[in-house]
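What follows is the residue order along each chain.
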Amino acid sequence: MLRVRNLRCGYGSLHVIRGLSLHVDAGEIVALIGANGAGKTSLLKALVGLIPPVGGEIRIDGRDATGEPPWRAIANGVALVPEGRQIFADMTVMENLEVGGYRNPDRALPIADVLERFPRLRERAAQLAGTLSGGEQQMLALGRALAARPRLVLLDEPSMGLAPLMVQEVFRTIRALKEQGVTVFLVEQNAVAALQVADRAYVLETGEVILEGEAADLLRNPEVKRAYLGKGYKEVWE
Amino acid sequence: MAEFFQYALSGVTMGSIYAAVAVGFNLIYGTTGILNFAQGEFVMLGGMIAVSLAAFMPLPLAVAAAMLIVALCGGALEILFFRRLRSHSALHMIVITIGLSIVVREAALHVWDESVRSLPYFTGNECSSVHLAGAALSPQVFWVLGTVGLAVLVLHTFFRYSLAGKAMRACASNYEAAMLVGINTANVRTLAFSVSAGLGALAGCVISPIGMTQYDMGTDLAIKGFAAAILGGLGNPMAGVAGGLLVGLAESYSVKFLPAAYKDATAFAILLLVLFVRPHGLFGRRQGSAVREA
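Residues numbered from 1 in each chain as written. Chains lettered and ligands numbered in written order. Predicted model: local features only at pLDDT ≥ 70, side-chain atom pairs only at ≥ 80, totals over all residues. Heavy atoms only, no water.

**Side note on the overall build of chain A**
What counts is decided by this rule: Helix and strand assignments come from DSSP, with helices taken as H or I runs of at least 4 residues and strands as E runs of at least 2, each series counted from the N terminus. Note that the radius of gyration is over C-alpha atoms, with the globule rule given as 2.2 Å times the number of residues to the power 0.38. Each accessible area value is a Shrake-Rupley result obtained with a 1.4 Å probe; residue values ignore everything except the protein chains displayed when judging cover.
What chain A contains, in helices and strands, is 11 helices and 10 strands. On C-alpha atoms alone, chain A measures out to a radius of gyration of 18 Å, which is about the 18 Å that the 2.2 N^0.38 rule sets for 238 residues. Each of the three principal axes of chain A carries a C-alpha extent, and together these read 55 × 40 × 30 Å. With an accessible surface of roughly 10300 Å², chain A has 50% of that area assigned to carbon and sulfur atoms.

Below is the structure:
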């Protein structure tokens, strides 16, 4: 579905992603974990063309999509749910969803699905999106992406700043997406939750993949535990 | 009372022209972050082209053609100058618009010389007048109010109900997110320039019979339209309408209380006052509210 080979990109002369390769197969949930500043958000932005690549290639369904403008991503079936939601705050919830399906002539169907899944959004359909709570905004950001019926959803820190109950809801939704056949590439600081929901995972450090494997294996990996899970200090050191 | 009404109507008439300029300002600012100080030149070009065309085609056709030509010019300006300079700061772009306004003005001086022109009255002539509540009005006043009012209504409907209009609002609301949902934001920017230019040209045509058209009328309009846009709240197209009407009214009534020479100073006074007291305008969002995260 998504194949990244030797990708390099950054801001000006600062290279944030340095020769990164990874792949996401159809139907998978793949997680990307790593500390702040490892380049997780930059990688997602590069995948949809918000940051132009300096080298390497991005292939979607085998087709070269390197260097395409961001608005082509949706046409390729890739939707990014950006960090910090980035909803259209001064438009209504319904308008956000409609614009989300801008490229999808049959947007009415996925929008109905979204409203079914998140009844809160249905209740607030006519309300300005900026007045929603953080959790509701996350639902909306996700719903907006789904209105385009993407085959691959890139999620950037979907649980950031949310109440625990909302976090659970987010991860439930991710599982539900997988059941519908949508492929998910998930970037999370909440490494435990991400690894629990994912099939496979990559560990990113200063713009390079330092570890990859089955999510369950990574959960047990002492290195990962020490660095990202914040648990098991004792086991490692004793 | 009759006098009050007379002032009000002349204020609203000029105000609706300022409103058209302010709506254009806001449209471009909202989608691109550029303050387009060549906005007044669109009004001038609209009037001038319509005057030239009216010599050999019926008036309505000349007005429509002028609108179309100026709209195409506006779009071309965006493609030629601003699309390539996307990475530059908004300040650079603003300076470019000032440069463009000078170029257009000087070009107009060469093409049309410095004489004052005007379109014929759409109905009646300079002597005919309509009496309303004791005030005497040129029928053209109704053309100005009706046309600008209708144009604003059409725009409003477009933004509220059409997908393309919603896409334009999405661009203004969150540029990056707009690209992510698949909106070709470069085209939206071009469209914003075209629509602003076309709207300016329409205003230039309807005001021409009573306000006259001259090559250097744009500067004045750009500043007054800018004051109106700031007063309404920068970036919100429909707030520009309120801003324009208020600036027009203030200007009109100022003649009653102050020497007529201060008329043009009114817009500046409003501009400064708003910037000092309420920089986000009457209907604008406070800067920083967008940063608030739930």
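**Observations regarding the overall build of chain B**
Applicable threshold: Throughout, exposure labels follow a simple rule: accessible area from a 1.4 Å probe, protein chains only, divided by the maximum for the residue type, with under 20% read as buried, over 50% as exposed, and the rest as partly exposed. Note on contacts: a residue pair is in contact if any heavy atoms of the two residues lie within 4.5 Å. Counting rule applied: Lys, Arg positive; Asp, Glu negative; His and chain ends not counted. All charge positions are set by atom: Lys at NZ, Arg at CZ, Asp at CG, Glu at CD.
Of the regular secondary structure elements, chain B holds 11 helices and two strands. Secondary structure elements of chain B, listed N to C terminal, follow the sequence α-α-α-α-β-β-α-α-α-α-α-α-α. Relative to the globule expectation of 19 Å for 294 residues, the C-alpha radius of gyration of chain B, 19 Å, shows essentially globular dimensions. For chain B, the spread of C-alpha atoms along the principal axes amounts to about 55 × 45 × 35 Å. Taken across its 294 residues, chain B has 51% of its residues classed as buried. At a minimum sequence separation of 6, the contacts of chain B that also span at least 24 residues come to 75%. Surface exposure of chain B reaches about 12900 Å², of which carbon and sulfur atoms provide 70%. Taken as two groups, the 16 positive and 13 negative side-chain charges of chain B have centres that lie 14 Å from each other.

**Here's the deal with the sheet that holds strand β3 (residues 29–34) of chain A**
Residues and elements named next belong to chain A. Going by this rule: Note on pairing: DSSP must find at least two bridges between two strands before they are called paired. Note on method: axes are straight lines fitted to C-alpha atoms, helices fitted across the in-contact stretch only, with angles between N-to-C directions ranging 0 to 180 degrees.
Spatial ordering of the open sheet is given by β6-β7-β8-β3-β9-β10, a layout of six strands whose pairing is mixed. Here the strands that pair on one side only, and so sit at the sheet edges, are β6 (78–81) and β10 (208–214). Adjacent strand axes in the sheet meet at a mean angle of 15°, parallel and antiparallel pairs treated alike. As paired elements, β3 and strand β8 (residues 183–188) share five bridges and run parallel to each other. Bridge pairing links I29 to V184 in β8. Here helix α1 (residues 40–47) sits on the sheet in contact with β3, β6, β7 (152–156), β8 and β9 (200–205), set at roughly 150° to β8.

**Description of the environment of A163 of chain A**
Structurally, A163 of chain A can be placed in the loop between β7 and α7 (164–179). Of the residues examined, A163 of chain A reaches a relative accessible area of 44% and is grouped as partly exposed.

**With respect to unusual backbone geometry**
The bulk of non-glycine residues show a negative phi, and the bulk of peptide bonds are trans. All names here are of chain A. At E157, a position not held by glycine, the phi torsion is positive, near 50°. Within the secondary structure, E157 is located in the loop between β7 and α7. Given the relative accessible area of 5%, E157 is considered buried.

**Topic: α1 of chain A**
Residue and element names in this part refer to chain A. Of all eight residues in α1, six are buried; the element is thus mostly enclosed. Of all the residues in α1, the buried ones are K40, S42, L43, L44, A46 and L47. One or two positions beyond α1, positive phi appears at G49, with a value near 90°.

**Here we look at the side chain of K40 of chain A**
Position of K40 of chain A among the secondary structure elements: in helix α1. Beyond its immediate chain neighbours, meaning those up to four positions away, K40 of chain A contacts L32, I33, G34, A35, E157, V187, E188, Q189 and L204 of chain A.

**Describing the packing of aromatic side chains**
Test applied: Each Phe, Tyr or Trp ring (for Trp, its six-membered ring) is paired with any other whose centre lies within 6.5 Å, and the angle between the two planes then decides the class: stacked below 30 degrees, edge-to-face above 60, tilted in between. We call a charge positioned above a ring when the Lys NZ or Arg CZ atom is no farther than 6 Å from the ring centre and deviates by at most 35 degrees from the ring normal.
Enumeration over the complete set of coordinates arrives at eight aromatic pairs over all chains. Relative to Y253 of chain B, the ring of Y7 of chain B lies with its centre 5.9 Å away and its plane at 45°, an arrangement referred to as tilted. One end of the pair, Y7 of chain B, is in helix α1 (residues 2–32); the other, Y253 of chain B, is in helix α10 (residues 237–257), and 246 residues separate them in sequence. Take Y7 of chain B and Y253 of chain B: they sit in the same class, and that class is buried. What links up through ring pairs into an aromatic cluster is the set F4, Y7 and Y253 of chain B. The ring of F88 of chain A has R144 of chain A sitting right over it, with the charged end atom 4.8 Å from the ring centre.

**Regarding the pairing of β3 of chain A**
Residue and element names in this part refer to chain A. Within β3, six of the six residues are buried, which leaves it mostly tucked inside the rest of the structure. The two faces of β3 match: I29, A31 and I33 on one face and V30, L32 and G34 on the other face are all buried. Summarising the sheet, β3 and β9 pair through five bridges and their orientation is parallel. Note on β9: the bridge partner recorded for A31 is A201.

**Comments concerning the sheet that holds strand β5 (residues 63–64) of chain A**
To summarise the sheet geometry, strands pair through backbone hydrogen bonds and adopt either a parallel or an antiparallel arrangement. Residue and element names in this part refer to chain A. A sheet is described by the order of its strands in space; here four strands give the open sequence β2-β1-β4-β5, paired in antiparallel fashion. In this open sheet, the two strands that pair with only one neighbour each are β2 (14–24) and β5. Bridge count between strand β1 (residues 2–11) and β2: eight bridges; the pairing is antiparallel. Residue C9 lies in a different strand from β2, and its bridge partner there is I17. Those strands touched by α1 are β1, β2 and β4 (53–60), and its axis lies near 115° from that of β1.

**A look at the interface of chain B and chain A**
Keep this limit in mind: Defined here as a combined quantity, buried area equals the accessible surface (1.4 Å probe) lost by two parts on assembly, summed across both. When a carboxyl oxygen of Asp or Glu is within 4 Å of a side-chain nitrogen of Lys or Arg, the pair counts as a salt bridge. N or O atoms closer than or at 3.5 Å make up a polar contact, with two conditions inside protein: a donor-capable atom paired with an acceptor-capable one, and, for residues adjacent in sequence, both atoms drawn from side chains.
Taken together, the 22 residues of chain B in the interface contact 28 residues of chain A. Interface of chain B and chain A: buried area, both sides summed, is about 2200 Å²; carbon and sulfur atoms make up 59% of it. Per-residue buried area on chain B facing chain A is highest for L163, L180 and V181 of chain B; these three make up 29% of the total on that side. Linking chain B to chain A there are three salt bridges. Applying the counting criterion to the chain B and chain A interface returns six residue pairs in polar contact (both at pLDDT 80 or more). For the side of chain B that touches chain A, the secondary-structure elements that each account for two or more residues are α6 (163–173), α7 (175–180) and α8 (185–211) of chain B. For the side of chain B that touches chain A, the element with the most residues is α6 of chain B, which contributes six residues.

**Quick look at the pairing of β6 of chain A**
All names here are of chain A. Side chains of β6 alternate between two faces, with V78 and L80 and A79 and V81 buried alike. The sheet contact formed by β6 and β7 spans four bridges and is parallel. Following the sheet pairing, A79 is matched in β7 by V153.

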